[in-house]
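# Descriptive analysis of the structure
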Amino acid sequence: MSDATVHVGLLGCGNVGAALARLVDEHADLITSRAGVPIEITRVAVQDPTRRRDVKLAPERFTTDAAAIVTDPDIDVVVEVIGGVEPARSLITAALAAGKPVITGNKELIAKHGPELFEAAAAAGVDLLFEASVAGGIPLIRPLRESLAGDRIKRVTGIVNGTTNYILTRMTEEGSSFAEALADAQALGYAEADPTADVEGHDAAAKAAIIATVAFGARVRLDDVHTEGITGITDDDIASARLLGYVVKLLAVAEELDGAVAVRVHPAMVPLHHPLAAVRDSFNAVLIEGEAVGELMLYGRGAGGGPTASAVLGDLVDAVRNLAAGGKGATLTGLVDRPIRPIGDSESQFYLFMEVADRPGVLAAIAGEFGRHGVSIQSMEQRGLGADARLVFITHRAREEDLRATLAALGEVDPVHRVGSVLRVTGDVGSEP
Ligand SMILES: NC(=O)c1ccc[n+]([C@@H]2O[C@H](COP(=O)([O-])OP(=O)(O)OC[C@H]3O[C@@H](n4cnc5c(N)ncnc54)[C@H](OP(=O)(O)O)[C@@H]3O)[C@@H](O)[C@H]2O)c1
């Protein structure tokens, strides 16, 4: 360190970066006492230095030359909150190579290139910390890596995207359509003008890949995550869920099964008594199931400048303490390649909604297809609809592949007009993965 103060190079000063700068200023005494030395944001890289920002940082600290910051010998620690893969990846790689600890909240980058960046950090002997990359302000990475280091994690199930949770909450509680709820989320600033990354599940998938990497010490990348979003969820699905005692949530699930890792993001029917069912609006929550610890749930704000900056600052204080001690913390090393279990092999209960001709023999024909493919029905409900009927099925646990074969066969059954929706049904906490 160049003097007693730790000099931070901040890459990006948008929602998160500006909130971080404010926190570093407002909590200066607290941070100094916790980190052991004062922390100063010495240089800031942005795209447009003339933009007005609500931060107490002198204009001369701002630059557009992020590459100069990461190699500046006067900078001790780098915080990357630009987002996206490039230039963030090159900047982080250069900072690590220059021996500087790096803190990032960049889920896309860590989900796509985490393993090689962790190796670069280990080779350089410096920290690469990324608490803010999953579930914003909720401490999750550190509890998984440190508090639970001695336990075997069986499964992690999270609501890790606040936008979709807000949309599903509005649809459930106010009967809004998907389009209405999305428009409200955009008006409130919860959803981007282009909401694809949220509503198609890509944002949650990046977080799921990171969770699986940390929980199972395996190289899990974004491409390994089976991803389905919520754009196909209809008012009928929401109404059926309510009638059957469930609520629809977008879940990120990472679990270990017979040495393989299964990672997926999809909407699911969650029983009302399940702890994740109570997570409303834009809140996030993550349920960890460990062999010894049992069930743990972490709940809070998964996004927003303040909550995310709180997570970044926690990492920053940690990195500064490690730096002062002349070393690094528990950088994620020793990741192994594990088989990724294909989605077709996963098992779950399923909810199916279909429209059929209301005439004798139809139910027997449908039940026959379920039986032929080894999928057993737990419950069936019929709702009349003129000459047609709507059938709602909940199956017992079945292999995804068998369920898909059943659906394909049902498509050929003449009285089946349409299979509307198929949703996985979450079992009780602690049930077999
Ligand atoms: N916002 C959240 O709630 C949240 C939650 C969890 C994680 N994160 C993660 O935190 C990161 C930052 O998110 P954010 O919401 O703060 O983004 P943001 O508001 O869009 O801010 C991005 C910042 O990066 C700067 N920037 C962009 N390209 C640059 C370049 N080539 N060189 C230098 N600076 C550049 C921008 O400069 P200008 O200001 O001049 O345009 C801006 O200050 C992302 O990885 C995101 O996924 C965000």
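Not measured: the values here are computed from a predicted model.

### A closer look at the overall build of the protein chain
Tallying secondary structure elements over the protein chain gives 14 helices and 17 strands in all. Its C-alpha radius of gyration of 24 Å places the protein chain within 12% of the 22 Å reference for a compact globule of 433 residues. Counting only C-alpha atoms, the protein chain reaches 85 × 45 × 35 Å along its principal axes. Taken across its 433 residues, the protein chain has 52% of its residues classed as buried. Taking the intrachain contacts of the protein chain between residues at least 6 apart in sequence as the baseline, contacts between residues at least 24 apart amount to 74%. Mean positive and mean negative side-chain charge positions of the protein chain (39 and 60 charges, respectively) differ by 2 Å.

### Here we look at the pattern of salt bridges
Scanning all chains against the criterion turns up 36 salt bridges. A salt bridge links Lys-207 to Asp-203, with the nearest nitrogen and oxygen atoms 2.7 Å apart. One end of the pair, Lys-207, and the other, Asp-203, are both in helix H10 (residues 202-216), four residues apart, so they sit about a helical turn from each other. Taking the shortest distance from any N to any O, the salt bridge between Glu-381 and Arg-383 comes out at 3.1 Å. Put simply, Glu-131, Arg-142, Glu-146, Asp-315 and Asp-318 are held in one network by salt bridges that share partners.

### Side note on the environment of Thr-426
Of note, Thr-426 is situated in the segment after strand S17 (416-425). Among the residues examined, Thr-426 registers a relative accessible area of 18% and is labelled buried. Between the C-alpha atoms of Thr-426 and Ala-364, which are 62 residues apart in sequence, the distance is 27 Å.

### Some remarks on the side chain of Ser-421
In this fold, Ser-421 is placed in strand S17. A distance of 2.7 Å separates a polar atom in the side chain of Ser-421 from a polar atom in the side chain of Asp-237. When neighbours within four sequence positions are excluded, Ser-421 is seen to be in contact with Thr-234, Asp-237, Tyr-351, Leu-352 and Phe-353.

### Description of the sheet that holds strand S3 (residues 62-63)
Ordered in space as S3-S2-S1-S4-S5-S6, the six strands form an open sheet in which the pairing is parallel. Of all strands in the sheet, those bounded by a partner on one side alone are S3 and strand S6 (128-129). Bridging between strand S2 (residues 39-45) and S3 involves two bridges; their strand directions are parallel. Among the inter-strand pairings, Ala-45 is bridged to a residue of S3, identified as Thr-63.

### Some thoughts on the packing of aromatic side chains
A complete count under the given rule lists four aromatic pairs for this structure. With a centroid separation of 5.1 Å and an interplanar angle of 65 degrees, the aromatic rings of Tyr-166 and Tyr-190 are classed as edge-to-face. Taken together, the positions of Tyr-166 in helix H7 (residues 162-174) and Tyr-190 in the loop between helix H8 (178-187) and helix H9 (196-199) put the pair 24 residues apart, joining distant regions of the chain. Ring geometry for Phe-370 versus Phe-393: centroids 5.0 Å apart, planes at 45 degrees, classification tilted. Of this pair, Phe-370 sits in helix H13 (residues 362-372) while Phe-393 is found in strand S15 (residues 388-395), placing the two residues 23 residues apart along the sequence.

### A short note on the site of the ligand
The full set close to the ligand counts 22 residues, and Cys-13, Val-16, Asp-48, Arg-53 and Gly-304 are the nearest of them. Between an oxygen atom of the ligand and a main-chain N or O atom of Gly-14, the distance comes to 3.1 Å. In the complex, 78% of the free accessible area of the ligand, which totals 900 Å², lies under the protein chains.

### Comments concerning unusual backbone geometry
For the peptide bond that leads from Glu-86 to Pro-87, omega is 10 degrees, which places it in the cis range. Relative to the assigned elements, Pro-87 resides in the loop between strand S4 (77-80) and helix H4 (88-97). Phi at Asp-258 is positive, roughly 50 degrees, even though this residue is not glycine. By relative accessible area, Asp-258 is classed as exposed at 78%.

### Concerning H4
Restricting attention to buried positions, one finds in H4 the residues Ala-88, Leu-91, Ile-92, Ala-95 and Leu-96. The buried residues of H4 occupy one face: seen down the axis, they fall within an arc of 130 degrees. Tucked into the core, H4 has its buried residues touching strand S1 (6-11), helix H3 (66-71), S4, strand S5 (102-104), helix H5 (107-124) and S6. Where H4 ends, the next residue or the one after it, Gly-99, has phi of about 80 degrees, a positive value.

Each value, and the rule that gives it
- Residues numbered from 1 in each chain as written.
- Predicted model: local features only at pLDDT ≥ 70, side-chain atom pairs only at ≥ 80, totals over all residues.
- Heavy atoms only, no water.
- Helix = DSSP H or I, 4+ residues; strand = E, 2+ residues; numbered from the N terminus.
- Rg over C-alpha atoms; globule rule 2.2 N^0.38 Å.
- Buried < 20%, exposed > 50% of the residue type's maximum accessible area, 1.4 Å probe, protein only.
- Contact = heavy atoms within 4.5 Å.
- Lys, Arg positive; Asp, Glu negative; His and termini not counted.
- Charge placed at Lys NZ, Arg CZ, Asp CG, Glu CD.
- Salt bridge = Lys/Arg side-chain N within 4 Å of Asp/Glu carboxyl O.
- Polar contact = N/O pair within 3.5 Å; in protein donor to acceptor, adjacent residues only side chain to side chain.
- Pairing = 2+ DSSP bridges.
- Phe/Tyr/Trp six-rings, centres within 6.5 Å; stacked < 30°, edge-to-face > 60°.
- Near = heavy atom within 4 Å.
- Areas by Shrake-Rupley, 256 points an atom, 1.4 Å probe, with all protein chains shown as cover.
- Arc of directions from axis to C-beta.

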